[in-house]
Amino acid sequence: MTRTKEHAGDTVSLVYQCRLPLSTHTLNYLADLLRRHLKAIRSRWWVLPPGGIAVIVLAVLRHDQRLADMAGGNDISATTVRRWRDELIALLAAKAPRLDRALKKIARRGGEVVLIDGTLIPTQRRTGTANRPNYSGKHRRHGLHVLALTDERGRMIWISAARPGRTHDITAARRDHILAHLRAAGLGALADLGFIGLDSDGDDPVVVTGFKATRARKLTPAEKEANRILAAGRAPVEHGFAHLKNWRILTKLRTDPTRATHLLRALLVLTNIEATTGN
């Protein structure tokens, strides 16, 4: 623990060390990305070197550290930390794969299916009619809805734009033209019951969703077994979301959908770097 003097008065601020559970490869990637950006814009003066800036931004993203706390511990302003964070998020988001390219890459590797699912990213509750679409009746909380595709091992390959929390999975899939992209790449997809109706081709379906029971019709033993096998095949997609949500800045977002989209795509890039390092 170290002590730093405050600007006003004789008070002393305590600064402590905190473990950042990320690989050096992730740190170096982010620092190199920033270094190339600074060279491209011909920026010659920064308060900290790219590696130091990368550590601060990663701490904000991983631990959801308050900007004012990170600023005080490094003798810089909160505005500077915010600018660094937004700039690096934009640089990372630009590296996120497009849907068509991500699917074609899976096909070139010999993949046959992908896993698709939707999730709710919690947001702060705000009053007013403008925030009502963000309330999800399914989850009974405010948030932003996103779709994600993973490979068969659960590694995320694409994430959609953030939409209001009340958006249904099948609605988001149709807006992103998931079915058309899958057919173009020659891939199939495993999905949960929320995507029933997305693929109306009964003879050669691309999206497999399993069987749903109704009040008038119960599932047969064969259909139950098919659902069990499908659920086992879809399990890795939940692991993919879990790795993404390890970034605690997603615990409760305080931003609008456009900024949230950039943040999610930036975290997708970082998550995949960590997954590659772990393997």
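For the structure itself, consult the block above.
Below is a short write-up of the structure. (Residues numbered from 1 in each chain as written. Predicted model: local features only at pLDDT ≥ 70, side-chain atom pairs only at ≥ 80, totals over all residues. Heavy atoms only, no water.)

### Things to note about the overall build of the protein
Check the secondary structure of the protein and you find nine helices and nine strands. Referenced to the eigenvectors of the C-alpha coordinate spread, the extents of the protein come out at roughly 75 × 45 × 30 Å. Counting all 279 residues of the protein, 44% fall into the buried class. When contacts within the protein are restricted to residue pairs at least 6 apart in sequence, long-range pairs at least 24 apart make up 62% of them. Total accessible area computed for the protein in this model is approximately 16300 Å², and 51% of it derives from carbon and sulfur atoms. Side chains of the protein give 46 positive and 25 negative charges; the mean places of these two sets differ by 5 Å. (Helix = DSSP H or I, 4+ residues; strand = E, 2+ residues; numbered from the N terminus. Buried < 20%, exposed > 50% of the residue type's maximum accessible area, 1.4 Å probe, protein only. Contact = heavy atoms within 4.5 Å. Areas by Shrake-Rupley, 256 points an atom, 1.4 Å probe, with all protein chains shown as cover. Lys, Arg positive; Asp, Glu negative; His and termini not counted. Charge placed at Lys NZ, Arg CZ, Asp CG, Glu CD.)

### Concerning a positive patch on the surface
Side chains of Arg 101, Lys 104, Lys 105, Arg 108, Arg 109, Arg 153 and Arg 155 sit close together on the surface and give a patch of like positive charge. Mapped onto the secondary structure, Arg 109 falls in the loop between α5 (99-108) and β3 (113-122). (Patch = residues over 30% accessible without salt bridge, like charges linked within 9 Å, V, L, I, M, F, W, Y side chains within 5 Å. Salt bridge = Lys/Arg side-chain N within 4 Å of Asp/Glu carboxyl O.)

### Describing the pattern of salt bridges
By the definition in use, this model includes 12 salt bridges. Note that Asp 69 and Arg 66 form a salt bridge whose closest N and O atoms lie 3.1 Å from each other. Residue Asp 69 is classed as partly exposed on the basis of its relative accessible area of 42%. By relative accessible area, which is 52% here, Arg 66 ends up exposed. Between Arg 234 and Asp 117 there is a salt bridge; the shortest N-O distance is 3.1 Å.

### Structural notes on the nonpolar core
Judged by nonpolar contacts, the single largest core of 52 residues is most densely connected at Leu 61, Leu 250, Leu 263, Leu 264 and Leu 267. Residue contributions to this core peak at nine residues, all from helix α9 (residues 257-278). What Leu 61 contacts, discounting residues up to four positions off in sequence, is Ile 89, Trp 247, Arg 248, Ile 249, Leu 263, Leu 267 and Leu 270. Counting 24 residues, the second largest nonpolar core, distinct from the first, contains Leu 103, Ala 172, Leu 187 and Ala 191. (Core = buried A, V, L, I, M, F, W, Y, C linked by side-chain atoms within 4.5 Å.)

That is the geometry; function is a separate question.
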